[in-house]
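The residues making up each chain are set out below.
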Amino acid sequence: MELFKVGFYEDLRKQSAKDLIELDLPGYAIGGISVGEPKEEFLKMLKFTTPLMPENKPRYLMGVGSPDYLIEAAMAGIDMCDCVLPTRIARNGTAMTSKGKVVVRNATYAEDFSPLDPECDCYTCKNYTRAYLRHLVKCNEILGDRLLTIHNIKFLTNLMERVRMEIENDNLLEFSKEFFKEYGYTKEGE
């Protein structure tokens, strides 16, 4: 049995949701479905489990931090997510940008004096170039990790603000298609 299959039993998730709802908790969490399984399996279990939870209470998805999974979670009715991903990849020299991931440690950026993400308004993008960030990362200077962390968190904050706006405008599906295309993801069925 594949390891990710351990938490993928619909009958057990249904029973767990039923038992938890009887406790009338202030909110409900989904865990154990973002553990390296194929994306199709993640989406299947997310779309199965979320409707089992009350709509009038916060629904929290544990361990999700990539832009595509955050958008998918919002489209499934999830209210909150958290993950170490934005800070972990920053410590490894990777930034999330409006055009996809940028690995600043790559030689490509040694003489790239443009902002990390020209569409971002964070402190890092306003004040530092890709070349300088690469230098910091290559020298193992902690400032590089911190600046990339600041950027990644601001990037995801901006993304989720946009998701909220698109929900209010009843345009989340169209936005997701545009975002996935720009970011370099391909959406299921397209």
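Quick summary incoming for the structure in this document. Counting of residues starts from 1 at the beginning of each chain's written sequence and follows it residue by residue. Note on the predicted model: pLDDT of at least 70 is required for a residue's local features to be given, and 80 or more for side-chain atom pairs to be given and counted; whole-chain, interface and lining totals, by contrast, use all residues. The basis for the side-chain values is all heavy atoms of the structure; hydrogens and waters are excluded.

Another aspect to go through is helix α7 (residues 142-168). To qualify as a helix, a DSSP run of H or I must reach at least 4 residues; to qualify as a strand, a run of E must reach at least 2; elements of each kind are numbered from the N terminus. One less than the residue count of a helix, multiplied by 1.5 Å, gives the span that helix is expected to have. Helix length check: α7, at 27 residues, gives a terminal C-alpha distance of 39 Å against a target of 39 Å (1.5 Å per residue), a fit within 8%. Under the scheme applied here, a residue whose accessible area is under 20% of the maximum for its type counts as buried, over 50% as exposed, and between as partly exposed, the area being computed with a 1.4 Å probe on protein chains only. Looking only at α7, the buried set comprises G144, D145, L147, L148, T149, H151, N152, F155, L156, L159, V163 and E166. Structurally, α7 contributes buried residues whose contacts are with α3 (67-76), α4 (85-91), β4 (94-97), α5 (123-127), α6 (130-138) and α8 (172-183). Whether two residues touch is decided by their heavy atoms; if any such pair falls within 4.5 Å, the residues are in contact.

To continue, consider the nonpolar core. For the purposes of this section, nonpolar cores are sets of buried Ala, Val, Leu, Ile, Met, Phe, Trp, Tyr and Cys residues that join through side-chain atoms within 4.5 Å. Counting residues in hydrophobic clusters, the biggest one holds 28 residues, and the most contacted among them are I33, F42, L61 and F179. For this core, the secondary structure elements donating two or more residues are β1 (28-30), α2 (39-49), α3, α7 and α8. In this view, I33 contacts F8, R13, F42, M45, L46 and L61; residues no more than four positions away in its chain are not counted. Membership of the second largest hydrophobic core comes to 15 residues, among which are A95, L116, C125 and L147.

Moving on, we come to the packing of aromatic side chains. Ring geometry is summarised as follows: Phe, Tyr and Trp rings, the Trp one being its six-membered ring, pair when their centres sit within 6.5 Å, and such pairs are stacked at plane angles under 30 degrees, edge-to-face over 60 and tilted between the two. Overall, the coordinates contain seven aromatic pairs when judged by the stated rule. For the pair F42 and Y69, a centre-to-centre distance of 4.1 Å together with 15 degrees between the ring planes defines the contact as stacked. Here the residue F42 occupies a position in helix α2, and Y69 occupies one in helix α3, the gap between them amounting to 27 residues. Aromatic rings pair up to connect F155, F175, F179, F180 and Y183 into one cluster. The rule for a charge over a ring is simple: NZ of Lys or CZ of Arg within 6 Å of the ring centre, and within 35 degrees of the ring normal. Across the ring face of F180, the terminal group of K39 is positioned such that the distance to the ring centre comes to 5.4 Å.

A separate point is the pairing of β4. Every second residue of β4 is oriented toward a common face, with T94 and M96 on one face and A95 and T97 on the other, all of them buried. Paired strands, as defined in this entry, are two strands with at least two bridges between them according to DSSP. Note that β4 and strand β5 (residues 100-103) share four bridges and pair antiparallel. Following the sheet pairing, A95 is matched in β5 by V102. Here β4 hands over to β5 after two residues, the two strands then running antiparallel side by side.

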